[in-house]
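The chain contents come next:
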Protein chains: 2
Amino acid sequence: MTDTVLEAQGLAIDDATADRLFRTARTVTTFAESEVTDEQLAAVYDLVKWGPTAMNTSPLRMLVVRTPEARERLVARMPEGNQERVRNAPVTLVLAYDTDFHEHLDRLVPHMPGARDMFAGDAGARAEMARTSALIQAGYLIVGLRAAGLAVGPMHGIYDQIDAEFFAENGWKGLLVVNVSAADGADTTRPRAPRLNFDDAAQVI
Amino acid sequence: MTDTVLEAQGLAIDDATADRLFRTARTVTTFAESEVTDEQLAAVYDLVKWGPTAMNTSPLRMLVVRTPEARERLVARMPEGNQERVRNAPVTLVLAYDTDFHEHLDRLVPHMPGARDMFAGDAGARAEMARTSALIQAGYLIVGLRAAGLAVGPMHGIYDQIDAEFFAENGWKGLLVVNVSAADGADTTRPRAPRLNFDDAAQVI
């Protein structure tokens, strides 16, 4: 691929990468046997942790659900239509936001002494801010998992039950459940659905 | 770079791309003169539109703020500390979610006839669902802008004022304001802040 072609399509990454991250990547719902290691997940995290968040608060957390016992605890807190997917995935991540993210701000925001104390008294503001930034980070993470050659199947869980079961003590709140598989062991059963055009989704003023 | 090195770092994309998308990319706050075209923004949209959303609802919308008149209307609805940044950026995007996303579901979810009607009577559920998926899409978009060789400066606006000024008639709700610049015309004034380690942000069970 030449630079001319890249410029013509308006991207600065090559076609194979654009395909891998977005264009041909599909949400997967069925999984052949495959392995996803904690080392791979850590590599993904170490890539996407650099993505911007409000004030560098970095509130995204992830529960890596791997053992059969932990998996069944999660399956019981998923909507019925998603239970088999969680049961069959090589590994499942429960993405969450940390309502106590301020405890890390002395380290994360050294340019703003006092940031921690500023948030300490306002749990409502923390929850709103953490949820917003962590969802944006969930977008980074989905791209990052694909950048590691993995396949993803994001879906929703029953979060009040998930929070009570897994996060009663650490202040995390569930946001999204993501099945993860090696790409060559994963598939989807559905034809790709259309998307909106730029002109449908954007206005220029 | 060899495949062995790629495997060692756990990623399936090359180092230069990992740097461009995450590792060396920085949130920019100062801008030399540069141009960002609607064609570039459309190319970014056409890349990231493929990212997964709940039920393929695809609720992210963007207002591309380009003219001096439109820019001043936005500047007046930004917190004081962000006003100069918006004034000086080549182009600014107001990312939003569409509370009327259900109007597009016959097209977006052809495999679920009746999806549109299912949502038509529940504005509260639509708003919650749209906000959640659109924030994840905002994460895709930030990565996509960088994939097009652009530099981004995400920040928050005063959304009740932004919604009243720009979105009174179309049902969009502001989520995030993103300055966009050609990468070589953009910079930041702050040393890079630390991030949490995988072991701080993840638990394995």
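For the structure itself, consult the block above.
Computed from a prediction, not measured in an experiment: that's the story for all the values here.

1. Topic: the overall build of chain A
1) Next: Scanning chain A for helices and strands turns up 10 helices and 7 strands.
2) Next: By its C-alpha atoms, chain A is 50 × 45 × 35 Å across when sized along the principal axes.
3) Next: With the model as given, the accessible surface of chain A reaches about 8,400 Å², and the carbon-plus-sulfur share is 48%.
4) Next: Computed over 20 positive and 29 negative side-chain charges, the inter-centroid distance for chain A is 3 Å.

2. Some points on the relation of the copies chain B and chain A
Here two copies of a chain appear, and what relates them is a rotation about an axis with a shift along it.
1) Next: When chain B is brought onto chain A, the operation consists of a screw motion whose angular component is 180° and whose axial shift is 0.0 Å, with 0.0 Å RMSD remaining. Both copies of the chain, as the preceding transformation shows, are related through a two-fold rotation axis.

3. Some thoughts on the interface of chain B and chain A
1) Next: The interface of chain B with chain A comprises 76 residues on the first partner and 76 residues on the second.
2) Next: Together chain B and chain A conceal approximately 7,000 Å² of surface at their shared face, both sides included; 68% is due to carbon and sulfur atoms.
3) Next: Put simply, chain B and chain A have 4 salt bridges between them.
4) Next: One salt bridge connects D200 of chain A with R107 of chain B, and the closest N-O pair in it is separated by 2.7 Å.
5) Next: Here chain B and chain A share 36 residue pairs in polar contact (both at pLDDT 80 or more) between them.
6) Next: Its residues assigned to classes, the side of chain B that touches chain A comprises 43 nonpolar, 17 polar and 16 charged.
7) Next: Sheet topology places strand β7 (residues 202-204) of chain A next to strand β2 (residues 60-65) of chain B; 3 bridges connect them, and they run parallel. Bridging from a neighbouring strand, A202 of chain A pairs with M62 of chain B of β2 of chain B.

4. Overview of the packing of helix α8 (residues 123-147) of chain A against helix α8 (residues 123-147) of chain B
1) Next: In contact at an axis separation of 7 Å, α8 of chain A and α8 of chain B are set at 50° when each is read in the N-to-C sense. Taken together, α8 of chain A and α8 of chain B sit at an angle that is classed as oblique. For the pair α8 of chain A and α8 of chain B, the crossing hand works out as right-handed. Counted together, E128, R131, T132, L135, I136, A138, G139, Y140, I142 and V143 of chain A of α8 of chain A and E128, R131, T132, L135, I136, A138, G139, Y140, I142 and V143 of chain B of α8 of chain B form the full contact between these two elements.

5. Things to note about the sheet that holds strand β3 (residues 91-98) of chain A
1) Next: Spatially, β4(A)-β5(A)-β3(A)-β2(A)-β7(B) is the arrangement adopted by the 5 strands of the open sheet, whose pairing is mixed. Single-partner strands in this sheet number two, and they are β4 (150-155) of chain A together with β7 (202-204) of chain B. When the angles between neighbouring strand axes are averaged without regard to direction, this sheet yields 25°.
2) Next: Relative to strand β5 (residues 172-182) of chain A, β3 of chain A runs antiparallel, the two sharing 8 bridges. Pairing of T92 of chain A across the sheet is with N179 of chain A, part of β5 of chain A.
3) Next: Along the sheet, helix α4 (residues 68-75) of chain A makes contact with β2 (60-65), β3 and β5 of chain A, crossing β3 of chain A at roughly 65°.

6. Considering the packing of aromatic side chains
1) Next: Summed over all chains, the structure comprises 10 aromatic pairs over all chains.
2) Next: Taken together, a centroid distance of 6.3 Å and an interplanar angle of 50° make the contact between F166 of chain B and F167 of chain B tilted.
3) Next: Looking at F167 of chain B, the relative accessible area reads 3%, which means it is buried.
4) Next: Each ring, one from F167 of chain B and one from W172 of chain B, has its centre 5.5 Å from the other, and the planes form 45°; the classification is tilted.
5) Next: A residue is classified by how much of its surface remains accessible, and W172 of chain B, at 5% relative accessible area, is buried.
6) Next: Through a chain of ring-to-ring contacts, three or more aromatic side chains come together here, namely F166, F167 and W172 of chain A.

7. What to know about helix α4 (residues 68-75) of chain B
Helical periodicity: at 3.6 residues per turn, an α-helix aligns residues three or four positions apart in one direction.
Residue and element names in this part refer to chain B.
1) Next: Three or more residues of α4 are buried, namely A70, R71, L74 and V75. Each buried residue of α4 sits inside an arc of 140° when the element is viewed along its axis, so together they form one side.
2) Next: Those residues of α4 that are buried are in contact with β2, α5 (80-88), β3 (91-98), α9 (159-166) and β5 (172-182).

8. Digging into the sheet that holds β3 of chain B
1) Next: The strand order across the open sheet built from 5 strands is β7(A)-β2(B)-β3(B)-β5(B)-β4(B), with neighbouring strands paired in mixed fashion. Single-partner strands in this sheet number two, and they are β7 of chain A together with β4 (150-155) of chain B. If you compare each strand with its neighbour and ignore which way they point, the axes differ by 25° on average.
2) Next: Where β4 of chain B lies against β5 of chain B, 6 bridges are found, and the strand directions are antiparallel. Paired with L150 of chain B across the bridge in β5 of chain B is A182 of chain B.

9. Concerning the nonpolar core
1) Next: L93 and L145 of chain A together with L93 and L145 of chain B are the most contacted members of the largest nonpolar core, which totals 130 residues.
2) Next: Apart from the residues lying within four places of it in its own chain, the contact partners of L145 of chain A are L41, V44, L93, L150, V152, V178 and V180 of chain A.

Rules used in this analysis
- Along each chain, numbering runs from 1 in the same order as the chain's sequence is written.
- Here the convention is simple: chains get letters from A, ligands get numbers from 1, in the order in which they are written.
- Reporting in this predicted model follows two pLDDT cut-offs: at least 70 for local features of residues, and 80 or more for side-chain atom pairs to be given and counted; totals over whole chains, interfaces and linings ignore these cut-offs and use all residues.
- Only hydrogens and water are removed before side-chain values are computed, so all heavy atoms of the structure are retained for them.
- Elements are defined by DSSP. Helices are runs of H or I of four residues or more, strands are runs of E of two residues or more, and each kind is numbered from the N terminus.
- For accessible areas, the Shrake-Rupley method is used with a probe of radius 1.4 Å. Any residue's cover is judged against the shown protein chains and nothing else.
- When charges are tallied, Lys and Arg are placed among the positive residues and Asp and Glu among the negative ones, while His and the ends of the chain are skipped.
- Note on charges: their place is set at NZ of Lys, CZ of Arg, CG of Asp or CD of Glu.
- When the copies are superposed, the least-squares fit takes in the C-alpha atoms of residues with a pLDDT of at least 70 in both.
- Working rule for contacts: check all heavy atoms of both residues, and any pair within 4.5 Å makes them a contact.
- Here the buried area means the combined drop in accessible surface, using a 1.4 Å probe, for two parts upon being joined, counting both sides.
- A pairing counts as a salt bridge when a side-chain nitrogen of Lys or Arg comes within 4 Å of a carboxyl oxygen of Asp or Glu.
- Side-chain atoms alone can form a polar contact between residues adjacent in sequence; in general such a contact is a pair of N or O atoms within 3.5 Å, and within protein one must be able to donate a hydrogen while the other accepts it.
- Amino acid classes used here: Ala, Val, Leu, Ile, Met, Phe, Trp, Tyr, Cys and Pro are nonpolar; Asp, Glu, Lys and Arg are charged; the rest, including Gly, are polar.
- DSSP-based pairing: two strands are paired if at least 2 bridges between them are found.
- To get an axis, a line is fitted to the C-alpha atoms, and for a helix only the part in contact is used. The angle between two axes follows their N-to-C directions and goes from 0 to 180 degrees.
- Here the angle decides the label: under 35 degrees means roughly parallel, over 145 means roughly antiparallel, 65 to 115 means roughly perpendicular, and every other value means oblique.
- We call a crossing left-handed when the near helix sits turned anticlockwise from the far one by less than a right angle, and right-handed when that turn is clockwise.
- Note on ring pairs: Phe, Tyr and Trp rings are taken, using the six-membered ring of Trp, and paired if centres are within 6.5 Å. Classes follow the plane angle, with under 30 degrees stacked, over 60 edge-to-face and the rest tilted.
- Exposure categories follow from relative accessible area, calculated using a 1.4 Å probe and restricted to protein chains: below 20% of the type maximum is buried, above 50% is exposed, and the middle band is partly exposed.
- Working definition: the arc comes from the directions between the helix axis and the C-beta atoms, pointing outward to the latter.
- The term nonpolar core refers to a set of buried residues drawn from Ala, Val, Leu, Ile, Met, Phe, Trp, Tyr and Cys, joined through side-chain atoms within 4.5 Å.

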